[in-house]
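Architecture at a glance
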Amino acid sequence: MIDNNSIEQLKQTIDIVDVIGNYVELKKNGSNFKGLCPFHDEKTPSFIVSPSRQFYKCFGCGAGGDAIKFVMEFEKLSYPEAIEKLASQYNFTLRYTQGERGGGQERRILETVGQWYRANLERNDTAKKYLHDRGVSLASIEKFALGYAPSSEETLQFLQRAMIPFPKAEEVGLLGHDHGRYYARLIDRVIFPIFSPSGMPVGFGGRTLGNHPAKYINSPQTKLFNKSRLLYGYHLAKEQIYRKKRLIVVEGYLDVIMLHQAGFDTAVATLGTALTNDHLPLLKKGEPEVIVAYDGDRAGINAAMKAALLLSAHNFEGGVVLFAEGMDPADMVGGGNADAVEALFAQPIPYARFVIDRIVAGHDIETPRGKEDAFHAVRNYLATLSPFVREKYLPYAALRLKVNTAMLAPESAHGEYRHRTGRPTSSAPGPTVLTLSDVAEESIIKTLLKTPSLTDMVLDTMDSSMFSVHREAFEALIGGHEHEELLRIDLDDTIVTYSEEELKRQLLYFLRRYYRKALDTIKKDDTLPLENKIFFIRKYQDYINRLKRGELVPYESHEKIS
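Along each chain, residues carry numbers from 1 onward, in the same order as the chain's sequence is written. Only residues with pLDDT of at least 70 are given local features in this predicted model, and only at 80 or more are side-chain atom pairs given and counted; all residues enter the totals for whole chains, interfaces and linings. Note that the side-chain values use all heavy atoms of the structure and ignore hydrogens as well as water.

Attention shifts here to the pattern of salt bridges. Between Lys or Arg on one side and Asp or Glu on the other, a salt bridge is scored when a side-chain nitrogen of the former is within 4 Å of a carboxyl oxygen of the latter. Using the criterion set out here, one finds 20 salt bridges in the structure. A salt bridge links Asp331 to Arg134; the shortest N-O distance between them is 3.8 Å. Remark: Arg134 occurs in the loop between helix H6 (125–133) and helix H7 (138–143) and Asp331 occurs in helix H14 (residues 329–334); sequence separation between them is 197 residues. Residue Asp331 is classed as partly exposed on the basis of its relative accessible area, which comes to 31%. You can call Arg134 partly exposed: its relative accessible area is 27%. The salt bridge partner of Glu475 is Arg471, with a shortest N-O separation of 3.3 Å. Taken together, the residues span about one helical turn, with Glu475 and Arg471 both in helix H23 (residues 471–479) at a distance of four residues. Secondary structure elements are taken from DSSP: a helix is a run of H or I of four residues or more, a strand is a run of E of two residues or more, and numbering for both begins at the N terminus. Summary of the burial criterion: residues with accessible area below 20% of their type's maximum are buried, those above 50% are exposed, and those between are partly exposed, where the area comes from a 1.4 Å probe applied to protein chains only.

Below, the structure written as structure tokens:
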């Protein structure tokens, strides 16, 4: 752990105006500084930085804190990571309560060996020629800290000279051993150091320069290195990802390097693995559009399909780019086709459309059996999407399958039900204007049927007035009464059941949409007294801002104030 006195000394060393000025354009405003808030969209500056108090405050969204809090929020870092980043920027040496920070000795070993790899590259003409032939500039070699790993014997000799114990080197993935003899894992390879999101070395990747059957290999899993939770180049790309709201996922180290070299500085790569759930927290930071850009061969298409299924199910914005077979981003950029690459990135195929297209392409829909199989596959996929995304792509899916839209929609029978009951779309008092879609209502009800412990989460944030078709069923569920719709929903396998995390995510999505529509209606309502109108505008805008930050706002009655 970092010593508290050391943290206080760091705070006295840094200046908040200097720190925030690296991220936000600040202008002098009396004794303070003012700028546009980086945490929400605004055209009129409401973001104030006080040098005397060493504090920032946004009077638009409410964000505020000291320099460490700002770096945490902007960079999406933990508290220790933000402290270590600031200490590094100010050349400040932190003290740790146990003499070593977590993984400190391991990181120093990786730093030492990484420096040796870089020095080796300068002396190896074959490795330098390989990088030159691939179009990698000297600036990129330095930026990505590329190196060269020689023979196993040379590596072992270096570790001995550097007084790095072999067992410790094995712990960090540099060595393996067989029958009691140690050997270097990386031999005759161009080295690509791999860093944590905060910029700490955690492992290495290597590209063979010989005839080794494994063209690329990575460090094995260690306590610092987990390839399923890391993205190559993320530590260099993250600031631009947060600013540009775009993240490009490619397949290889050189793809990342060449894209950065051509100005596509939000590119990252997985480490020889497909995108998984473990990558999602990193991908979500800064809420960027995520573009999956893979080769157009069979392996690339399959990887893109898996990524599209994963990302669309978790409500990511973005899409898929496939490069012409035999080409990849590194080839295109190296060939001077950066403009063509930008054109592809500017118009990715949306995830849902890509998945639907691939499903349909994988079946012969001109035959009854093929069409039925494709129909069920598409319908099952649509059920994984948020209700609003599903609604958007239903017509497209129906068009591709050559079926009626109503056949695909899980709520296809609801219109008839609404017609039979004559139930109004909303009976909520005051300015309530939006009801959740039938699909969302059913999923929420089914989730509570299956997991009653989540009921409080829903009731804390909404009530039955937000339901339209299934309002009576929801009230019956909450009241513990029987209702025919509850039985139908419980038995319908096409209705999605949410986990706790998914339920919270859907509520955030639904409620944000709800209050946006409510806000628009209030602004257009000329029958409300001005005092009431101002009250609701402020209230709903506050709700929206809090929901954007991932906070489930408590439900309150929306009756007009008398």
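Additional details are given in the paragraphs that follow.
Whether two aromatic rings pair depends on their centres lying within 6.5 Å, for rings of Phe, Tyr and Trp, where Trp uses its six-membered ring; planes under 30 degrees apart make the pair stacked, over 60 edge-to-face, and the rest tilted. Taken as a whole, this structure holds 28 aromatic pairs when the rule is applied. For the pair Trp116 and Phe158, a centre-to-centre distance of 4.5 Å together with 5° between the ring planes defines the contact as stacked. Separated by 42 residues along the polypeptide, Trp116 in helix H5 (residues 104–123) and Phe158 in helix H8 (residues 152–161) bring together distant segments of the chain. With relative accessibility at 11%, the residue Trp116 sits in the buried group. With relative accessibility at 12%, the residue Phe158 sits in the buried group. What links up through ring pairs into an aromatic cluster is the set Tyr23, Phe39, Phe47, Phe55, Tyr56, Phe70, Phe74 and Tyr242. Directly above the ring of Phe33 sits Lys28, whose terminal nitrogen or CZ lies 5.2 Å from the centroid. Charge-over-ring contacts are defined here by two conditions on Lys NZ or Arg CZ: a distance within 6 Å of the ring centre and an angle within 35 degrees of the ring normal. The lysine or arginine in question, Arg53, covers the ring of Phe55, its NZ or CZ lying 5.2 Å from the ring centre.

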